[in-house]
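# Summary of structural features
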Amino acid sequence: SEKLLEVKDLKTYFPIQNGLFGRSTKYVKAVDGVSFDVYKGETLGLVGESGCGKSTTGRSIMRLIEPTEGKIIFDGKDISSLNKKQMLKIRREMQMIFQDPFSSLNPRKMVKEIIGAAFEIHMSSMRKKEREEEVAKLLEVVGLNPDYITRYPHEFSGGQRQRIGIARSLALKPKLIIADEPVSALDVSIQSQVLNLLNKLQKQFSLTYIFIAHDLSVVRHLSDRVGVMYLGKIVELTDANRLYTKPAHPYTKALLSAIPIPEIGVKRERIILEGDVPSPINPPNGCRFHTRCPKCMDICKEKEPDFKDIGDKHYVACHLVNG
Ligand code: SF4
Ligand code: MG
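Below or above, wherever it landed, is the structure these notes cover. Per chain, residues are indexed from 1 in the order of the written sequence. Each chain takes a letter, starting from A, and each ligand takes a number, starting from 1, following the order in which they are written. Reporting in this predicted model follows two pLDDT cut-offs: at least 70 for local features of residues, and 80 or more for side-chain atom pairs to be given and counted; totals over whole chains, interfaces and linings ignore these cut-offs and use all residues.

## Re the sheet that holds strand 12 (residues 315–316)
If DSSP finds at least two bridges between two strands, the strands pair. Numbering of helices and strands runs from the N terminus; a helix is a DSSP stretch of H or I covering at least four residues, while a strand is a stretch of E covering at least two. The sheet built from eight strands is open, its strands ordered 6-7-8-3-9-10-12-11 with mixed pairing. Two strands bound the open sheet, and with one partner strand each, they are strand 6 (94–97) and strand 11 (308–309). Alignment of strand 3 (residues 43–47) against strand 9 (residues 225–230), held across four bridges, turns out to be parallel. Bridged to Leu46 within strand 9 is Gly227. Two residues form a contact once the distance between their C-beta atoms, set from the backbone, is within 7 Å. Only C-alpha atoms enter the line fits that serve as axes; for helices the fit covers just the stretch in contact. Angles between N-to-C directions range over 0 to 180 degrees. Together, strand 6 and strand 7 (176–180) form the strand contacts of helix 5 (residues 158–170), whose direction differs from that of strand 6 by roughly 175°.

Structure (structure tokens):
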């Protein structure tokens, strides 16, 4: 199937301020050489603990944060070097849904203004009445009463607010939606409703998703493929079924051991990782996971494993599997 997005060796570093006038020589290497493709119509899950760089990856693709290095090819076009004005056009086609439906909606604006803003920016010839009709339609699409267009964010529950965030992301008929932990802030009972909605909308509007989550169980039912991130890198990327049944990277195995997967009858042992995630300012030499890896070998401390296809587009960065 066709590629909608190609991310090539993406790096996003943030300088650390050294004192008031100090020039910074140190960087937080939030994303440190990430490559992956996203195919039209699929959902790619991107999973990892907080601070692994998954949100920064999403924001760098949208260029809400400027990447330090690397290429981003969207719909056949290299967008990594576009200026702000050129990027504005592209941004119609890639939208983001944010984690926190409470802080991502302006509390002083009515729903018709929040969602309608996209039309004001990108379709300035659209008249006010038309804009409001479009907003009402969008509310229906996400399962909200179209009469709510004159309400304010505080009048909604968390789940409803996230639906408003989703409606806003759909306004300009994007091709790609990057959803950054869209259900993490919601009650468990509401989470599956929002996930079902995202699933339905994907089919209805032929959307492609990058779905960011910190937990492998959340992305399981939605993702076609899943990438696992650790300390600014993707350590494993493959078909979702394969990842959940035949994980190859020790980190993925540890993450999976922490969640229940009822379909897999084998009794799995919980793998407890020792220690904390090291600092992204000075990531460990060799394999970045070596300080916590239960399978660590001598070579792991010196040589960084390549991110290699071990068969059927199952990519893994580990000396155990790619020697
Ligand atoms: Fe563990 Fe070595 Fe594989 Fe890294 S390369 S995950 S330290 S076995
Ligand atoms: Mg995040």
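Read on for the rest.
## A look at the site of ligand 1
In this analysis, residues qualify as near a molecule or strand once their C-beta atom, positioned from backbone atoms, comes within 6 Å of it. Taken together, 14 residues lie near ligand 1, and Cys287, His290, Cys293, Cys300 and Cys318 sit nearest. When residue character is reported, Ala, Val, Leu, Ile, Met, Phe, Trp, Tyr, Cys and Pro are called nonpolar, Asp, Glu, Lys and Arg charged, and the others, Gly included, polar. Within the shell around ligand 1, the residues separate by chemical class into ten nonpolar, three polar and one charged.

## Some points on the sheet that holds strand 1 (residues 3–15)
The strand order 2-1-4-5 describes an open sheet built from four strands, whose pairing is antiparallel. A strand with exactly one partner marks an edge of an open sheet, and here the two such strands are strand 2 (27–39) and strand 5 (77–78). In this structure, strand 1 lies alongside strand 4 (residues 69–74), joined through five bridges in antiparallel fashion. Bridged to Val7 within strand 4 is Ile72.

## Side note on the environment of His214
Secondary-structure assignment places His214 in the loop between strand 8 (208–213) and helix 7 (216–219). Look past the residues within four positions of His214 in its chain and what remains in contact with it is Val47, Gly48, Glu49, Ser50, Glu181 and Ser184.

## Some words on unusual backbone geometry
The backbone phi angle of Glu181 is positive, close to 50°, even though this residue is not glycine. Residue burial is a threshold on neighbouring C-beta atoms within 10 Å of the residue's own C-beta, all placed from the backbone, with 20 or more meaning buried, 12 or fewer meaning exposed, and counts in between meaning partly exposed. With 21 C-beta atoms packed within 10 Å, Glu181 lands in the buried category.

## Looking at the nonpolar core
Here, a nonpolar core means buried Ala, Val, Leu, Ile, Met, Phe, Trp, Tyr and Cys residues linked by C-beta atoms lying within 7 Å of one another. Ranked by size, the top nonpolar core spans 76 residues in total, and within it Ile115 and Val228 carry the most contacts. When residues no more than four places from it in sequence are discounted, the contact partners of Val228 are Val47, Gly48, Ile234, Val235, Glu236, His249, Tyr251, Thr252 and Leu255.

## Section: the pairing of strand 10 (residues 233–239)
Each regular strand shows side chains that alternate between the opposite faces of the sheet. For strand 10, the buried fraction is high: six of the seven residues fall into the buried class. As defined by bridge partners, strand 9 adjoins strand 10 across six bridges and the pair is classed as antiparallel. Its bridge partner lying in strand 10, Tyr230 is registered against Lys233. Hairpin geometry of strand 9 and strand 10 is characterised by an intervening segment of two residues between the two adjacent antiparallel strands and by a positive phi of about 50° at Leu231. The pairing of strand 10 with strand 12 spans two bridges and is antiparallel. Within strand 12, the residue paired with Leu237 across the bridge is Tyr315.

## Remarks on the pairing of strand 4
Both strand 4 and strand 5 contribute to a ladder of two bridges, which runs antiparallel. The partner of Phe74 across the bridge, within strand 5, is Lys77.

## Some words on the packing of helix 5 against helix 6 (residues 188–205)
Across the interface, helix 5 lies against helix 6 with an axial gap of 10 Å and an inter-helix angle of 20°. Between helix 5 and helix 6, the angle is such that the two are roughly parallel. Pair helix 5 / helix 6 crosses with right-handed handedness. Contact residues: Gly158, Gly159, Gln162, Arg163, Ile166 and Leu170 in helix 5; Ile190, Gln193, Val194, Leu197, Leu201 and Phe205 in helix 6. Across the contact of helix 5 with helix 6, the residue classes tally to seven nonpolar, four polar and one charged. An angle counts as roughly parallel when it lies under 35 degrees, as roughly antiparallel when it exceeds 145, as roughly perpendicular when it falls between 65 and 115, and as oblique in every other case. Each crossing gets its hand from how the near helix is turned against the far one by less than a right angle, where anticlockwise is left-handed and clockwise is right-handed.

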